[in-house]
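# Coordinate analysis (summary)
Each chain is listed here by its residues.
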Amino acid sequence: MCQTSSSTPLSDLLRRGFAASDDAAGSDLARAVARQVQARAGAATEPVPVERSSRRRRLWELPRNVFCPVLGTCLTIDRLRRLTAAVLPDCAAVDDYELHCRAIAESARRSELSERLQRELDTRFERAVRQARAIKGHAALVAHWRQACTGSEVAAALWVTLTHPDCDAALEEQVQRYIHMLQHQAGVGVRADVQRLDAQQRENGTLGRELATAQQRTTQMLAEKSAQIERQQAELVRLRALLIARDTTIDDLRAQVAQLEDASPSLRSRQAMARQIEQQQARIRELEMRLQDSRRQWQTPRPTERADAGRPVPSPVVAVPVAAVPPGGAALVAEDLRDKAVLCVGGRTASVPVYRQLVEVRGARFLHHDGGEEDAAGQLDAHLAAADLVICQAGCISHNAYWRVKDHCRRTGKQCVFVDRPSASGLVRGLEQASSAAAAAQVPSN
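Numbering of residues starts from 1 in each chain and follows the order in which that chain's sequence is written. With pLDDT at 70 or above as the cut-off, local features in this predicted model cover only qualifying residues; side-chain atom pairs require 80 or more to be listed or tallied, and sums for whole chains, interfaces and linings still use all residues. As a convention, hydrogens and water are excluded, and side-chain values are obtained from all of the structure's heavy atoms.

## Overview of the overall build of the chain
- Per the convention used, a helix needs a DSSP run of H or I reaching at least four residues, while a strand needs a run of E reaching at least two, with both numbered from the N terminus. The secondary structure content of the chain amounts to 16 helices and four strands.
- Any residue under 20% of the maximum accessible area for its type is buried, any over 50% is exposed, and the rest in between are partly exposed; the area is computed with a 1.4 Å probe on protein chains only. Within the chain, the proportion of its 446 residues that are buried is 30%.
- Contacts: residue pairs with any heavy atoms within 4.5 Å of one another. A fraction of 71% describes how many contacts in the chain between residues 6 or more apart in sequence connect residues 24 or more apart.
- Here the chain has roughly 28700 Å² of accessible surface; of this, 54% comes from carbon and sulfur atoms. Note on areas: Shrake-Rupley with a 1.4 Å probe; residue coverage comes only from the protein chains shown.

Set out below in structure tokens:
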């Protein structure tokens, strides 16, 4: 250790030199301070050979010019203040720079604060310290430092490299230069970050105001939507109630219909028959109106008819097979069948054209129903309602059709002629019988 007798305390010179290491010329100023101390002591220092050992160096065993980068890089100022609060109570009110200088001065010797700093740094970089135990030799340590400089754990690499037993003065100088430039770059980056932070704060304020406006608008929209949803839900509840009431009414009506159907099994068929009757009645009214028009036309003599009134009327010729018509049947023309509807129930299908010609030659309209073999039973009622004369060939119709024809004619008073055997001659006899009956009914009125 060198001795000094200068009036300026050595601690002040060291403090100024080590504190000045934060700027660009920190390391040069520290070396200049060391030379001044040696000059004042009047004794020249001679290089002392350093003995290398395998034990890691402690903080107070490091060169004085590395305390500033170690404490400034490896520890935050808040953590440093908490560590020095219990050891140096008088440092509680000093600023950050003075605290940094006091910590550098205490690190130059083994003291309670330096031991606290040693434990803090070992604990903070415990993983890196364990990994550094495998580094053997100066070349491996240099390679480790260069590789660590490319990563983000520079503080851990700084502490591990400087405390490694293979770290020499050249590597210490290299480490100090890198950390010195890194601090300059960090300072420039911090200033740029501060500017960006100010800009971002202003932008954040603008965005905050816009966000508050958007939130207010969104809150208003949510309130409106909530009110709309409540109204829709109330309407939905009302519609559901109406739907339930409607379904209940439908179920009640269905139950009543089922009860009515059970009480009247033939209700559906009666309803169908009633609809058919209504349709046939409408058809009958239409035909009656047409019949009245036709009668008025026939009753009014035309000029040609008045001129030919004294001429004999020729008898129409019936195009019927000779074997099927009885002698003299073609000359029988009943005036009471003109413009009337004659219904033929039953008969052979092949003879239907002959039946039609025998009826239409007498001026009547021909209707036919096969008696329930192929035609539907419902059509029989329609034909019966539209017919003026019914000829029932009872030998080839169903019992149901027979009784329906008979019942209808009895209820309505329509003329009905029953023929036992279906044939053209039987149809002619039926027409003659109907004409004779009509003529006999008109005698008393004359």
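## Remarks on the packing of helix 4 (residues 77-85) against helix 6 (residues 112-124)
- Running from amino to carboxyl end, helix 4 crosses helix 6 at an angle of 135°, the nearest separation of the two axes being 10 Å. Here helix 4 is positioned oblique relative to helix 6, judged by the angle of their axes. Judged by the twist between their axes, the crossing of helix 4 over helix 6 is right-handed. Here Arg79, Leu80, Leu83 and Thr84 of helix 4 come into contact with helix 6, specifically with Leu113, Arg116, Leu117 and Glu120. Axis angles are defined between N-to-C directions and span 0 to 180 degrees, where every axis is a line fitted to C-alpha atoms and, for a helix, only to the segment in contact. Oblique is the label for any angle not under 35 degrees, not over 145, and not in the 65 to 115 range, which are roughly parallel, roughly antiparallel and roughly perpendicular in turn. Definitions for this section: a left-handed crossing has its near helix turned counterclockwise from the far helix by less than a right angle. A right-handed crossing has that turn clockwise.

## Here we look at the pattern of salt bridges
- Within this document, salt bridges are pairs made up of a side-chain nitrogen of Lys or Arg and a carboxyl oxygen of Asp or Glu, the two lying within 4 Å of each other. Throughout the structure, instances matching the rule amount to 18 salt bridges.
- Between Asp407 and Arg410 there is a salt bridge, with its nearest N and O atoms 2.6 Å apart. One end of the pair is Asp407 and the other is Arg410, both in helix 15 (residues 399-412) and three residues apart, which spans about a single turn.
- Residues joined by salt bridges that share partners form a network here, namely Asp407, Arg410 and Arg411.

## Brief notes about helix 9 (residues 154-163)
- Summarising burial for helix 9: nine of the ten residues are buried, a large majority.
- Every buried residue of helix 9 is listed here: Val154, Ala156, Ala157, Leu158, Trp159, Val160, Thr161, Leu162 and Thr163.

## Structural notes on the packing of aromatic side chains
- Classification of ring pairs rests on two measures: the distance between centres of Phe, Tyr or Trp rings, Trp counted by its six-membered ring, which must be within 6.5 Å, and the angle between planes, read as stacked under 30 degrees, edge-to-face over 60 and tilted in between. Per the counting criterion, the structure on display carries three aromatic pairs.
- With a centroid separation of 5.6 Å and an interplanar angle of 90°, the aromatic rings of Trp145 and Tyr178 are classed as edge-to-face. Note that Trp145 is positioned in helix 8 (residues 138-149) and Tyr178 in helix 10 (residues 169-263), a separation of 33 residues in sequence.
- The class of Trp145 is buried, set by a relative accessible area of 2%.
- The class for Tyr178 is partly exposed, based on a relative accessible area of 28%.

## Focus on the nonpolar core
- Throughout, nonpolar core names a set of buried Ala, Val, Leu, Ile, Met, Phe, Trp, Tyr and Cys residues whose side chains join them through atoms within 4.5 Å. Formed by 42 residues in total, the largest nonpolar core has its most connected members in Leu59, Leu117, Trp145 and Trp159.
- Mapped onto this core, the elements with two or more residues apiece are helix 3 (67-74), helix 4, helix 5 (96-107), helix 6, helix 7 (126-132), helix 8, helix 9 and helix 10.
- Considering every element that reaches this core, the biggest residue donor is helix 9, with seven residues.
- Those residues in contact with Trp159 that sit more than four places away from it in its chain are Arg56, Leu59, Leu62, Val70, Cys74, Gln118, Leu121, Asp122, Phe125 and Val129.
- Judged by nonpolar contacts, the second largest core, of 18 residues, contains Val352, Tyr355, Val417 and Leu427.

## What to know about the sheet that holds strand 2 (residues 365-369)
- A pair of strands counts as paired when DSSP detects no fewer than two bridges linking them. Taking strand neighbours across the sheet as the criterion, the four strands line up as 2-1-3-4 in an open arrangement whose pairing is parallel. One side of each edge strand has no neighbouring strand; the edge strands of this open sheet are strand 2 and strand 4 (415-419). Sheet twist, expressed as the mean angle between neighbouring strand axes with direction ignored, is 20°.
- One ladder, built from five bridges, connects strand 1 (residues 341-345) with strand 2; its direction is parallel. Paired with Val342 across the strands is Phe366, a residue of strand 2.
- Lying on the sheet, helix 13 (residues 352-360) is in contact with strand 1, strand 2 and strand 3 (389-393); it crosses strand 2 at an angle near 150°.

## Brief notes about the confidence of the model for the chain
- For every residue, the predictor assigns a confidence score, pLDDT, that lies between 0 and 100. Mean pLDDT over the chain works out to 74, with 74% of the residues at or above the 70 mark.
- Across the chain, element-level confidence peaks in strand 1 with a mean pLDDT of 87 and bottoms out in helix 1 (residues 10-19) with 42.
- Within the model, the stretch residues 310-334 combines pLDDT values under 50 with 25 contacts to residues more than four positions away or in other chains.

## Some words on the side chain of His368
- With respect to the helices and strands, His368 occurs in strand 2.
- At 3.0 Å, the side chain of His368 forms a polar contact with the backbone oxygen of Gly346.
- When near neighbours in sequence (up to four residues on either side) are disregarded, His368 contacts Leu343, Cys344, Gly346, Val352 and His383. Any pair of N or O atoms that falls within 3.5 Å is considered a polar contact. Within protein, one atom must be able to donate a hydrogen and the other to accept it, and sequence-neighbouring residues count only if both atoms are side-chain atoms.

## Remarks on the pairing of strand 1
- A large share of strand 1 lies buried, amounting to five of its five residues.
- A two-sided burial pattern is seen for strand 1, the buried positions comprising Ala341, Leu343 and Val345 on one face and Val342 and Cys344 on the other.
- Note on the crossover from strand 1 through helix 13 to strand 2: the handedness is right-handed.
- By the bridge criterion, four bridges tie strand 1 to strand 3 in an arrangement that is parallel. Each bridged residue has a counterpart across the sheet, and for Cys344 the counterpart in strand 3 is Ile391. The path from the first strand over the helix to the second decides the hand: if it runs clockwise while the strands point away from the viewer, the crossover is right-handed.

## A closer look at helix 15
- A helix is expected to span 1.5 Å for every residue after the first. Taking 1.5 Å of rise per residue, 14 residues should cover 20 Å, and helix 15 covers 20 Å from first to last C-alpha, within 8% of that figure.
- Among the residues making up helix 15, those that are buried are Ala401, Val405, His408 and Cys409. In a view along the axis of helix 15, the buried residues occupy a sector of 95°, so they form one face of it. Turned more than 90 degrees off the buried face of helix 15, the exposed positions are His399, Trp403, Arg410 and Arg411. This arc is built from the directions going out from the helix axis to the C-beta atoms.

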